[in-house]
2 protein chains.
Amino acid sequence: MSRTIKVLLAEDQSMVREALAALLGLEPDIEVVAQVARGDEVLAAARALDVDVALLDIEMPGRTGIEAAAELHKELPRLKLVILTTFGRPGYLRSAMEAGADAFLVKDAPAAQLAEAVRKVLAGERVIDPTLAAAALAGGANPLTDREREILRAAADGSTNAELATTLHLSQGTVRNYLSTAIQKLAVRNRAEAVRTAREKGWL
Amino acid sequence: MSRTIKVLLAEDQSMVREALAALLGLEPDIEVVAQVARGDEVLAAARALDVDVALLDIEMPGRTGIEAAAELHKELPRLKLVILTTFGRPGYLRSAMEAGADAFLVKDAPAAQLAEAVRKVLAGERVIDPTLAAAALAGGANPLTDREREILRAAADGSTNAELATTLHLSQGTVRNYLSTAIQKLAVRNRAEAVRTAREKGWL
DNA sequence: GGCGCGATATGACATCTGTCATCCCCGACC
DNA sequence: GGTCGGGGATGACAGATGTCATATCGCGCC
């Protein structure tokens, strides 16, 4: 028989994090050996403790779970990576896979899948919700260029063209051009809808 | 000595819900006797099972935790109500209190506070984060009228004035008037910012 | 009965936004 | 060396948005 599986848990909401730890603690073969609340604390913790699996939330301060995954994948390639997120956005799944994730779970999946995913990735399997995988493939890749994404992100809080122009060091006309092409690529009718759909797809 | 405390848990993300149940299950004096994933299933479950405390997430399909709390408070006044939410928005706290909540917790508080809050409300205490309470009092009440809120909510997804006018059975000019007054009350410069700040304060 | 406020409406006006055509520069690729 | 895509810019134009003055109606309050 094998020793227990050592898990690192990264999630910013402490109540959720500790609750997930309690849940995993019920499994006899799994042990949560480290908990962190920020994306930029993940690597150090993983290095310090010889972990088997890292369980990463996406939305975290410091660094997103996806960025942390990419970092871990590069620095500790033997570590298995499970992304756990509230939002099943196709773009998230895609970038998680590109970052080297072994599993991608959404928080509204049954809790039993969590421990199961931990065991499966350790056995070399990949765990991905088939519905989500289909959506990610059907939805296609992000059609926006880096600059378009950047400007859309900056426009998300309701800034005017003039403000965007100054903060991004562009002319107002250029800002409008980028937003216009983004609006067309996303097949919507104004910047607010563009922000909304880009977010929904995980393209922002 | 007294019998175990019976808790109803309402939270839409099953992984989080079951994790919280596992967490509370570690407490010897607390028992999670019911779990629901929708706001509109709370009342029936509470009625069926003779529960002591209801633990309610705010963001849920069917009915918000706050609406569910108001309902429970009216129908089962002896039931204690704990609101558990991701977002510590002053407006949320205010409406939770108006709905008859006994405790208001945010998910990034330490997990230990959860069981503690359950015990305290049962003992007749109220549990509210003091920082949040201060913010709620300092922030003042929602300055928007019902209609303004409604229109702002409808405008949140990027709909144009024309669309808002038809869906709300108003003239386009009226829509613009309402948005204009909302923008001024919130001291912002366009509808997008208005939506954003109203959301942040929990006024939407 | 008069006052104020919220809901609703109109018209006029100034700005902001979105579109389009057209241009320049650069780096990648054949 | 030519073509193409991306970043950046300008100017013109149409349509959307925000502001303001003004009006009516109904309700609650002193």
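Criteria and cut-off values
Residues numbered from 1 in each chain as written. Chains lettered and ligands numbered in written order. Predicted model: local features only at pLDDT ≥ 70, side-chain atom pairs only at ≥ 80, totals over all residues. Heavy atoms only, no water. Buried < 20%, exposed > 50% of the residue type's maximum accessible area, 1.4 Å probe, protein only. Helix = DSSP H or I, 4+ residues; strand = E, 2+ residues; numbered from the N terminus. Pairing = 2+ DSSP bridges. Near = heavy atom within 4 Å. Polar contact = N/O pair within 3.5 Å; in protein donor to acceptor, adjacent residues only side chain to side chain. Nonpolar A, V, L, I, M, F, W, Y, C, P; charged D, E, K, R; others polar. Contact = heavy atoms within 4.5 Å. Buried area = accessible area lost by both parts, 1.4 Å probe. Salt bridge = Lys/Arg side-chain N within 4 Å of Asp/Glu carboxyl O. Axes fitted to C-alpha atoms, helices over the stretch in contact; angles between N-to-C directions. Least-squares fit on C-alpha atoms with pLDDT ≥ 70 in both.

- Under an unreviewed UniProt entry, chain A has the name DNA-binding response regulator and belongs to Streptomyces albiflavescens.

With respect to the pairing of strand E3 (residues 53-57) of chain A
Residue and element names in this part refer to chain A.
Okay, so step 1: Counted residue by residue, E3 has five buried out of five residues, so it is predominantly covered.
Okay, so step 2: Side chains of E3 alternate between two faces, with Val53, Leu55 and Asp57 and Ala54 and Leu56 buried alike.
Okay, so step 3: When strand E1 (residues 5-10) meets E3, the two strands line up parallel, connected through four bridges. The residue bridging Ala10 from the neighbouring strand is Leu56, located in E3.
Okay, so step 4: Strand direction decides the pairing type here: E3 and strand E4 (residues 80-85), joined by five bridges, are parallel.

Examining the protein's contact with DNA strand D
Okay, so step 1: Close to DNA strand D lie 17 residues, the nearest being Arg147 and Tyr178 of chain A together with Arg176, Ser180 and Arg191 of chain B.
Okay, so step 2: Near the protein, meaning within 4 Å, the atoms of DNA strand D are sugar or phosphate in a fraction of 60%, with bases accounting for the rest.
Okay, so step 3: Between Ser171 of chain A and DNA strand D, the recorded distance is 3.0 Å, taken from a backbone N or O atom to a phosphate oxygen.
Okay, so step 4: Between DNA strand D and Arg191 of chain B, the relevant distance is 2.5 Å, taken from a phosphate oxygen to a side-chain nitrogen or oxygen of the residue.
Okay, so step 5: For the surface near DNA strand D, the secondary structure elements donating two or more residues are helix H9 (172-185) of chain A together with helix H9 (172-185) of chain B.
Okay, so step 6: A per-class count over the surface near DNA strand D returns two nonpolar, 11 polar and four charged.

Focus on the interface of chain B and chain A
Okay, so step 1: Each side of the interface is counted separately: chain B has 30 residues, and chain A has 30 residues.
Okay, so step 2: Between chain B and chain A lies a buried interface of about 2,400 Å² when both sides are counted; carbon and sulfur atoms form 62% of it.
Okay, so step 3: Close ionic contact of Arg189 of chain B with Glu163 of chain A constitutes a salt bridge, the shortest N to O distance being 2.1 Å.
Okay, so step 4: Of all the elements in the fold, those that place two or more residues in the side of chain B that touches chain A are helix H1 (14-25), strand E5 (103-106) and helix H10 (191-201) of chain B.
Okay, so step 5: Considering every element that reaches the side of chain B that touches chain A, the biggest residue donor is H1 of chain B, with eight residues.
Okay, so step 6: When its residues are assigned to classes, the side of chain B that touches chain A shows 15 nonpolar, six polar and nine charged.

What to know about the sheet that holds strand E2 (residues 30-36) of chain B
Residue and element names in this part refer to chain B.
Okay, so step 1: Judged by pairing direction, the sheet is parallel, and its six strands sit side by side in the order E2-E1-E3-E4-E5-E6 without closing on themselves. For this open sheet the edge positions go to E2 and strand E6 (127-128), each flanked by a neighbour on one side alone.
Okay, so step 2: The strands that helix H4 (residues 90-98) touches are strand E4 (80-85), E5 and E6; relative to E5, the one it contacts most, it runs at about 155 degrees.

Describing the relation of the copies chain B and chain A
Superposing the two chain copies requires a rotation about an axis and a translation along that axis.
Okay, so step 1: Screw-axis analysis of chain B against chain A gives a translation of 0.1 Å along the axis, an RMSD of 0.3 Å, and a rotation angle of 180 degrees. What we have between these two chains is a two-fold relation. Taking the C-alpha atom as reference, chain B places Ala19 of chain B closest to the rotation axis, 2.4 Å from it.
Okay, so step 2: Comparing interface residues between copies, 100% of those in chain B also lie at the interface in chain A; the contact surface is shared.

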